[in-house]
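Coordinate analysis (summary)
Each chain, written out:
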Amino acid sequence: MNKILSNWVRPAGRSSKKHFATLMSAACGLALAASADAAVQPLSVNGNKILAGGQQASFAGNSLFWSNNGWGGEKYYTAGTVAWLRSDWKSNLVRAAMGVDEGGGYLQDPVGNKAKVKTVVDAAIANDMYVIIDWHTHHAEQYTSQSIAFFQEMARTYGNTNNVIYEIYNEPLDNASWSGTIKPYAQQVVNAIRAIDPDNLIIVGTRTWSQRVDEAANDPIAGNNIAYTLHFYAGSHGQGVRNYAQTALDRNVAIFVTEWGSVNANGDGGVNYGETNAWVDFMKRNNISHANWSISDKAEGACPKRMVCFLYFFCKHFAHHEFMTPNYVFDSAAPRRKEAKVTH
């Protein structure tokens, strides 16, 4: 969201570490634990539920930062990063946030940005993960023809796999009309994908930076296996946005949280533990899958001293409830853990 940096937890003694572990345990409950079954199951939508192999399930993982050239996050669009997320964090979902119209994005360098996305997708398939291909823009309706061409190529290339999820609009703005602007754009792209790939999951962004899923539920897109995007940042979005989500669920549409964080929407501020817990409980209760924003080394907001940061709300091992420590960064040259001294 708006080039936000990864959130960071601020440890403050034994009690905060205990609180951190408690929240981490709650977040772990959102993911379908890694199992001996390696290959991913086909996803489908039944009412307000997303099913895997016909069974109710939810998935947890990480969103990469914008793919744009020169923004810093693009260096993590590697097979090594994806494999590390799978093996070390036990993530079963990764999101490739391909920047579109901003500097260094797809419109300026389609070959380079598409190559980054394909690297991530191929690695996700190799590691038996789901992967979201995200058209990461706030103005997708201005680039409908480019979006159709891109997603048609992705469908031709990856539509025969169960791994790929198409996210065709990251975050429409507050002044975008759902019925007048967002839905007509999305319907065209959905139809273009379905002409090639009849069944892989498609996720559609909603008004107000993908918060107004209730509006989409009132006027849903025609087609099968469609879910709607919900984004939240716990420092800025609370019960009001959860009410939108609950309304959408009550109207029997499926929701997928493709981006979320625990601080403010602009990337600043401390961790809002209360709202983060409330959101985690909400997602767990409703079996909503999610991708945590983001893998980045941008110095901003709650990230201390230009360290390379991950959003922290994931278990090191989903299945065994082991937790990473708050003072946790990874080397930009190779995705491995190392301890860091954090100065506040």
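Above this text you will find the structure in question.
Everything in this summary refers to the structure shown in the same document. (Residues numbered from 1 in each chain as written. Predicted model: local features only at pLDDT ≥ 70, side-chain atom pairs only at ≥ 80, totals over all residues. Heavy atoms only, no water.)

Taking 1.5 Å of rise per residue, the 17 residues of helix H5 (residues 178–194) would be expected to cover 24 Å, yet its terminal C-alpha atoms sit only 21 Å apart, more than 12% below that figure. Every buried residue of H5 is listed here: Trp-178, Ile-182, Lys-183, Tyr-185, Ala-186, Gln-187, Val-189, Val-190, Ala-192, Ile-193 and Arg-194. Put simply, Ser-177 is the residue that caps the front of H5, since its side-chain oxygen is 2.8 Å from the backbone nitrogen of Gly-180. (Helix = DSSP H or I, 4+ residues; strand = E, 2+ residues; numbered from the N terminus. Expected span 1.5 Å × (residues − 1). Buried < 20%, exposed > 50% of the residue type's maximum accessible area, 1.4 Å probe, protein only. Polar contact = N/O pair within 3.5 Å; in protein donor to acceptor, adjacent residues only side chain to side chain.)

Glancing now at unusual backbone geometry. With an omega of -5°, the peptide bond between Trp-293 and Ser-294 qualifies as cis. By secondary structure assignment, the location of Ser-294 is in strand E11 (residues 290–296). Although it is not a glycine, Lys-90 sits at a positive phi angle of roughly 60°. Tracing the backbone through its elements, the reader meets Lys-90 in the loop between helix H2 (79–88) and strand E5 (93–99).

Assignment of secondary structure puts His-290 in strand E11. Classification of His-290 by relative accessible area gives buried; the value is 0%. There is a polar contact of 2.8 Å between the side chain of His-290 and the side chain of Trp-260.

Now for the pairing of strand E9 (residues 226–233). Each regular strand displays side chains that alternate between the two surfaces of the sheet. The element E9 is extensively covered by neighbouring structure, given that 8 of its 8 residues are classed as buried. Where strand E8 (residues 202–204) meets E9, 3 bridges bridge the pair, whose relative direction is parallel. Counterpart to Val-204 in the pairing with E9 is Tyr-228. As defined by bridge partners, E9 adjoins strand E10 (residues 254–261) across 6 bridges and the pair is classed as parallel. Residue pairing across strands places Tyr-228 opposite Ile-255, the latter belonging to E10. In this fold, the crossover linking E9 to E10 by way of helix H8 (residues 239–250) has right-handed handedness. (Pairing = 2+ DSSP bridges. Right-handed = clockwise from strand over helix to strand, strands pointing away.)

For the rest of this paragraph, the subject is the environment of Val-189. Positionally, Val-189 belongs in helix H5. Of the residues examined, Val-189 reaches a relative accessible area of 0% and is grouped as buried. Considered as a pair, Val-189 and Tyr-169 are 20 residues apart in the sequence and their alpha carbons are 9.8 Å apart. In this structure, Val-189 is in contact with Ser-147, Ile-148, Phe-151 and Ile-168, ignoring residues within four places of it in sequence. (Contact = heavy atoms within 4.5 Å.)

For H8, with 12 residues, the first-to-last C-alpha span of 16 Å sits near the 16 Å given by 1.5 Å per residue. Those residues of H8 that sit buried are Val-241, Arg-242, Ala-245, Ala-248 and Leu-249. For H8, the angular spread of the buried residues around the axis is 115°, confining them to a single face. Taken together, the buried residues of H8 touch helix H7 (213–218), E9, E10 and helix H9 (273–285). Note on H8: the residue one or two positions beyond its end, Asn-252, has a positive phi of about 75°. (Arc of directions from axis to C-beta.)

None of the figures reported here should be taken as evidence of function without further support.
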